[in-house]
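Below, each chain spelled out in residue letters.
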Amino acid sequence: MPSYDRLGELLDPATTVLLTVECQQGVVGPDSALPELAEEARSSGALANVARLVAAAHEGGVQVIHAIAERRPDGRGASRNARLFRAAERLPVQQLSGTTAVRLAAPIEVAEEDFVVRRLHGLSPLQGTEVDALLRNLGCRTLIVTGVSANVAIPNAVFDAVNRGYTVVVPTDAIAGVPSDYTPAMIRHTLALVATVATTDEVLACVSRRRRTVRR
């Protein structure tokens, strides 16, 4: 884990953005297309921790971007070039544009100043979406990555952000994947090599300290 001072330096609200990845009802909600993943996100506390981070970001002046994966009802623009995409077509719950499945899942609250970025293709919330341009226009230097899944979208987001020059912070208890023992292995052996890893409480403490300092 990073030192408190080091983490605090990274998490300047003026240059930090919090990204939530696929924290939508059709993925982590009660009627998820992926019930095992949804159960893990909830039972592990990851989804609740994402909500805590979002609430703190709203209070502390940290920009929030919510990345949503969806598809058109007619499937246009989507690819079938990966087994995952083909399997998703057969799931009982579809992530269709305009449906409740692609709304942010409770207990995450969306504020008016948040950005919600929707993608129709791919595995990453950054590649081929507006997220990178938004981050640059916002003056982002540090990206906090949260959400699901540790199997696919989270590592994609981390790698893409690092490759684009951002410093990435991953709250280890605010991401989830399946099976339950996969996430800590992914963090230890992969994400920790390219990102700063910390707990939600450590991130919140730094954001809170920054907020108190600004108010003085």
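Before going further, it helps to examine the layout of surface pockets. Using a probe with the size of a water molecule, rolled over the atoms, empty space left in the structure can be pinpointed. Of the pockets and cavities examined, the largest pocket occupies roughly 810 Å³. Of all the elements in the fold, those that place two or more residues in the lining of the largest pocket are α2 (25–28), α3 (35–43) and α5 (83–88). Ranked by the residues each element gives to the lining of the largest pocket, the list is headed by α5, at 4 residues. Of the residues in the lining of the largest pocket, the class split is 19 nonpolar, 8 polar and 5 charged.

Right, let's get into empty space enclosed by the protein. Tallied over the entire structure, the rule returns 1 cavity of 30 Å³ or more. There is about 50 Å³ of room inside the largest cavity. Lining the largest cavity we find Leu18, Leu53, Ala56, Ala57, Val62, Ile144, Val203 and Val207. Of all the elements in the fold, those that place two or more residues in the lining of the largest cavity are α4 (46–60) and α9 (200–215). Among the elements that make up the lining of the largest cavity, the one with the highest residue count is α4 (3 residues). Among the residues forming the lining of the largest cavity, the class breakdown is 8 nonpolar, no polar and no charged.

What follows covers the environment of Glu112. Along the polypeptide, Glu112 turns up in the loop between α5 and β3 (115–119). Residue classification places Glu112 among the exposed positions, given a relative accessible area of 81%. The sequence separation of Glu112 and Arg72 amounts to 40 residues, and the corresponding C-alpha distance is 25 Å.

Structurally, Gln95 can be placed in the loop between α5 and β3. Within polar-contact distance, the side chain of Gln95 engages the backbone oxygen of Gly26 at 2.9 Å. Residues within four places of Gln95 in sequence aside, it is in contact with Gln24, Gly26, Val27, Ala33, Ala69, Glu70, Arg71, Ala101 and Val102.

What follows concerns the state of the cysteines. In this structure the tally under the stated criterion is 0 disulfides. The thiol sulfur of Cys23 is not disulfide-bonded, and the nearest other cysteine sulfur, from Cys140, lies at 18 Å. Residue classification places Cys23 among the buried residues on the basis of a relative accessible area of 2%. Between Cys140, a free cysteine, and Cys206, which holds the nearest cysteine sulfur, the sulfur-to-sulfur gap is 16 Å.

What counts and what doesn't
Residues numbered from 1 in each chain as written. Predicted model: local features only at pLDDT ≥ 70, side-chain atom pairs only at ≥ 80, totals over all residues. Heavy atoms only, no water. 1 Å grid on protein atoms, 1.4 Å probe; cavity = no way out; pocket = protein on both sides within 12 Å on 5 of 7 lines; lining within 4 Å. Points joined across faces, edges and corners; volume = space filled by probe spheres on them. Helix = DSSP H or I, 4+ residues; strand = E, 2+ residues; numbered from the N terminus. Nonpolar A, V, L, I, M, F, W, Y, C, P; charged D, E, K, R; others polar. Buried < 20%, exposed > 50% of the residue type's maximum accessible area, 1.4 Å probe, protein only. Polar contact = N/O pair within 3.5 Å; in protein donor to acceptor, adjacent residues only side chain to side chain. Contact = heavy atoms within 4.5 Å. Disulfide = S-S within 2.5 Å.

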